[in-house]
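Below, each chain spelled out in residue letters.
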Amino acid sequence: MAMNENRTENAEAERPQGVLSFLTWPFAATGRSFIGWVNHMGAATIFLLLACLKVFRPKQLSKIIQQVYYIGASSILIIMLVSLFTGMVLGLQSYHALVKFGAQGSLGTLVALSLVRELGPVLTAIMITARAGSAITAQIGIERISEQIDALDTMRIDSLSYLISPRVVASIISFPILTAVFDLIGIFGGYVSGVLLLGANAGAYFYRVQESLELKDVTDGFIKAVVFAVIVALVCCYQGYFAHMREDSRGAKAVGLATTSAVVLSCVLILVADYIVTSLLI
Amino acid sequence: MEQPLIEFKDVTKRFGPRTVLDRVNLQIFEGQVTTIIGLSGAGKSVLIKHIIGLLRPDEGQILFRGKPLGEMSKAEMDECRAGMSYMFQDNALFDSMSVYDNVALPLRETTNLKKAEIDRRVMARIEQTELLDAIHKYPSEISGGMQKRVALARALVTDPRIVLFDEPTSGQDPIRKNAILGMIAEYQRRFGFTAILVSHEIPDVYFISNRILALYRQKIVFQGTPEELELFEHPFKDEVIQSLEGLQQELSSLYSRRQFKVRYYTQLKRDTSEKSYVIAFFTLEGMSGLVAGLGHDAAQEAVRCMGVLIDKHFGAVGGFSARRGVNEFMTVLPYSDLSEAGEILKNFVQDFSGQGIRDISAQAIRRAASGECVEFTIRAGLAQGRPAAGMDAVVESAKARQQEVARLQCDVSKG
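Residues numbered from 1 in each chain as written. Chains lettered and ligands numbered in written order. Predicted model: local features only at pLDDT ≥ 70, side-chain atom pairs only at ≥ 80, totals over all residues.

1. What about the pairing of strand 9 (residues 211–216) of chain B?
Residue and element names in this part refer to chain B. Most of strand 9 is tucked away, with 5 of its 6 residues classed as buried. Here 4 bridges tie strand 3 (residues 33–37) to strand 9, and the two strands are oriented parallel to one another. Counterpart to Thr34 in the pairing with strand 9 is Arg211. Bridging between strand 9 and strand 10 (residues 219–224) involves 5 bridges; their strand directions are antiparallel. Along strand 10, the bridge assignment pairs Tyr216 with Lys219. (Buried ≥ 20, exposed ≤ 12 C-beta atoms within 10 Å, placed from the backbone. Helix = DSSP H or I, 4+ residues; strand = E, 2+ residues; numbered from the N terminus. Pairing = 2+ DSSP bridges.)

2. Comments concerning the sheet that holds strand 12 (residues 320–325) of chain B
Consider a sheet: its strands pair through backbone hydrogen bonds, and that pairing is either parallel or antiparallel. Residue and element names in this part refer to chain B. As summarised here, the arrangement of the 5 strands in space is 12-13-11-14-15, forming an open sheet in which the pairing is antiparallel. Only two strands of the sheet have a single neighbouring strand rather than two, namely strand 12 and strand 15 (403–408). For this sheet, the mean inter-axis angle between neighbouring strands, taken without regard to orientation, is 20 degrees. The pairing of strand 11 (residues 277–285) with strand 14 (residues 376–385) spans 9 bridges and is classified as antiparallel. (Axes fitted to C-alpha atoms, helices over the stretch in contact; angles between N-to-C directions.)

3. Describing unusual backbone geometry
It is generally the case that most residues other than glycine have a negative phi and that most peptide bonds are trans. Residue and element names in this part refer to chain B. With a phi angle near 50 degrees, Arg23 is a residue other than glycine that sits in the positive phi range. The residue Arg23 is located in strand 2 (residues 18–28) in this model. Although it is not a glycine, Asp159 adopts a positive phi angle of roughly 50 degrees. With respect to the helices and strands, Asp159 occurs in the loop between helix 5 (144–156) and strand 7 (162–166).

Okay, here's the thing in structure tokens:
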């Protein structure tokens, strides 16, 4: 409460007063935002490092398995559904584009490479963010504002070790597996639309898939999945864990905004990271 | 002089420009029940959050057994906090876990006990806090009172040496409030932990507290026993105690102790005729049996009924009564002597033995978790005094002269 009042008073103090202040205010505000951003980056890095270090503590295995079930196993149906239709749309669009050049035999190559290199890791990460990431932020945020995390601290249960570490590890385990599922079902989706519905040659489709895919494509896809897993787990857990320190709102509203921020930021960072990782791996 | 277990030295805490604690000095002693009283928003919760380490002071020192917390190594700090437990004002229960899992959590996560041992300890606490029916329910499926008891069970399951209770009775009805306070007092006696309470349940907390700390305008303005607080002259008393303490005590509908004294002074002390008065002192014996057989709520219901009966009987002949302790009451019969008071008491005992004690039993059983057979005894004593002399000596004399006046036996309760 006192902190909230303090924030309001600080906001009052920050409003421009006088001509000089009015002119310098945009620079001051930009500076403050930048400092705030640097602070968050530093805090998030420490947060991630501590969470990773605290994985190696007793009694973590059961929590990790629970989170793998929640983040991974429970997401499998939605991943299968999305990947099936992604593959089907890819097959449909590619077939009509390739048929103009008489290259419909390359349908398998196009579908497989698109999915394994790019669409699989990216869409899997975005789907998990929407399904599990948002729930992680909301759950941790509610635990924070209802003093459940403080209660853990008073019971000498390390909240980072109890809440965050298992989720980070579970994400790192789940993302590549779900990406693999996405790739497989997506290739099958391309087969359904390209071969079964549009009449492309089935043998050529699977031959091209097998021939065009190299181990590097698959491992690159998994590397991306691991990078996205760390990003999603970090952003979603961080937003929830520090929901009570948001400057724009408090209480339940803060949890709502933290959840929105977590999803938006995760999606943006996934796409940015995708470009960076691709450029490093290519 | 005894070394305090916890000591605050000039502790200041600010949230932005607002100072919540301003050079607070206090001592908390081992094995005692210490209650921090003050108005809502005075900073009581902030104060005890400093003890458990959820907040750190901006200035000043907190000493644990004479050693500043700030100078402790991590291992020392861990050891210091290992024996502490904290019960949150809003319970802070994990809403995704059942009652059992909430209580078991600290044992599962911080000890290497076997599953069977954890189960034994958890079930013992759940039984003591009368939560057996709610064991598989989630916090959202049980009442606020039950949630409080779950929080209490969780706080006590690790057998802590120091337990901090942040408003343990907030949002409870008078019976439940006193049941929770009674539970804290009973466990404190049984296990010998140091209890630190934040409360504004005045005067109910006086009955269980060894020491009272008064937080007023960011400072501790009083430290001492509840009796010493009665003699304390300070604006705190007018502004805080009078606003928190109703004319009548919530549980028993009797005068609070302070109001009792006010009436004593206004009716007897100012009377210059020096007529004598008599104090009747009553004790309900067998509280532990009542608690064990019927539960804390039923025991408090028995105390409440007894207070109501005493007030009804003696109020009709001009007497005024107050609760003196957890299971003790006193009544002043102004302008009486021992023979007259003896007759009044005799009539009371007749009524009480005939119907009163059965009413107490019936009310208690109605509130009980189980319908077990219980026995209890009512003792009463009389002593005569004069307004010029102090009342406390007369009260002690009446207490010393108590005799058994009524007894409830099992066959009566069954009948």
